[in-house]
Amino acid sequence: MRSNTMVGFGNNRSSVGFYIANRPDLEGYRDLKQLRNLSPGDIDQIVKETGNHWRKIFNVSAKFMFQLLSESSNKESLPNTWQEYRDSVLFQNHSPVSLLFSPPRTDQNQMIHIVAGKTYATELGLTDLIWIDEEFAISENRRLIVCPYLDYRQLSNAKITRLVELVLPQLNKSAL
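Quick look at the structure, then.

Conventions used here
- Residues numbered from 1 in each chain as written.
- Predicted model: local features only at pLDDT ≥ 70, side-chain atom pairs only at ≥ 80, totals over all residues.
- Heavy atoms only, no water.
- Helix = DSSP H or I, 4+ residues; strand = E, 2+ residues; numbered from the N terminus.
- Buried < 20%, exposed > 50% of the residue type's maximum accessible area, 1.4 Å probe, protein only.
- Contact = heavy atoms within 4.5 Å.
- Expected span 1.5 Å × (residues − 1).
- Core = buried A, V, L, I, M, F, W, Y, C linked by side-chain atoms within 4.5 Å.

### Description of the environment of Asp87
1) Next: With respect to the helices and strands, Asp87 occurs in helix H3 (residues 82-88).
2) Next: Under the relative-accessibility criterion, Asp87 is labelled partly exposed at 36%.
3) Next: Linking Asp87 and Val167, residues 80 residues apart in sequence, is a C-alpha distance of 23 Å.
4) Next: Setting aside residues no more than four positions away along its own chain, Asp87 makes contact with Pro40 and Gln92.

As structure tokens, this is what we get:
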């Protein structure tokens with residue numbers, strides 16, 4: 001039986017959830033069993049202790065959310081750059097996005113669920129996916145999108161733009 005608890009970084013009021021198969025291999029994160037708001041400086045500390053892999057995940061997440069928010073109607077309080085967004089908003093208490101290590105619970109809330117990586121989507125046994133192309137799939141009735149992994153080479157700037165184009169219509173159905 002699956003747990004109803006979301007596990008990862010962020011808060012339970014997020015409008016967007018990124019789901020990834022791994023988590024930082026650090027004390028305090030390895031056995032995390034709930035959502036945890038990051039604080040200013042946590043991202044820097046995680047990157048410092050784990051390296052380039054997590055820097056890429058945080059940067060790609062920040063680039064995506066910054067572009068998404070820039071193109072949405074809710075951009076009044078948006079920082080000037082994606083780097084400022086990463087450092088002052090991403091996965092913190094007031095963030096509209098969470099990074100989740102638990103499987104998607106699409107029946108639990110109105111979040112838009114983004115599964116990072118085709119391999120992870122296959123491992124999760126996701127059904128009713130419509131593959132738009134080799135890298136992106138959607139399940140409209142579950143508000144779920146599969147995209148490439150959160151890495152510069154896999155989810156390039158052009159693919160971030162593509163993902164924003166897929167998410168924006170879903171956001172227009174709910175508030176961000």
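### Some thoughts on helix H2 (residues 52-71)
The α-helix advances 3.6 residues per turn, and as a result positions three or four apart in sequence lie on the same side.
1) Next: Here H2 spans 28 Å end to end across 20 residues, near enough to the 28 Å set by a 1.5 Å rise per residue.
2) Next: With 14 of its 20 residues buried, H2 lies for the most part within the structure.

### A short note on the nonpolar core
The nonpolar side chains of a soluble globular protein tend to be buried, and buried together.
1) Next: Phe9, Phe64, Tyr85, Leu99 and Leu163 are the most contacted members of the largest nonpolar core, which totals 46 residues.
2) Next: Mapped by element, the contributors of at least two residues to this core are strand S2 (16-19), helix H1 (42-50), H2, strand S4 (97-100), strand S5 (112-116), strand S8 (144-147) and helix H5 (157-172).
3) Next: In this structure Phe64 touches Val16, Phe18, Ile114, Ile160, Leu163, Val164 and Val167, once residues within four positions along its chain are discounted.
4) Next: Counting 12 residues, the second largest nonpolar core, distinct from the first, contains Tyr19, Leu35, Leu126 and Val146.

### Notes on unusual backbone geometry
1) Next: A positive phi is found at Phe91, a non-glycine position, where the angle reads about 60°.
2) Next: On the secondary structure map, Phe91 appears in the loop between H3 and S4.
3) Next: Take Phe91: its relative accessible area is 0%, and that puts it in the buried class.
4) Next: Within the chain, Asp128 stands out as a residue other than glycine whose phi angle is a positive 55°.
5) Next: Structurally, Asp128 can be placed in the loop between helix H4 (118-124) and strand S6 (130-131).
6) Next: Residue classification places Asp128 among the partly exposed positions, given a relative accessible area of 35%.

Everything listed here is a matter of coordinates, which is why it stays silent on function.
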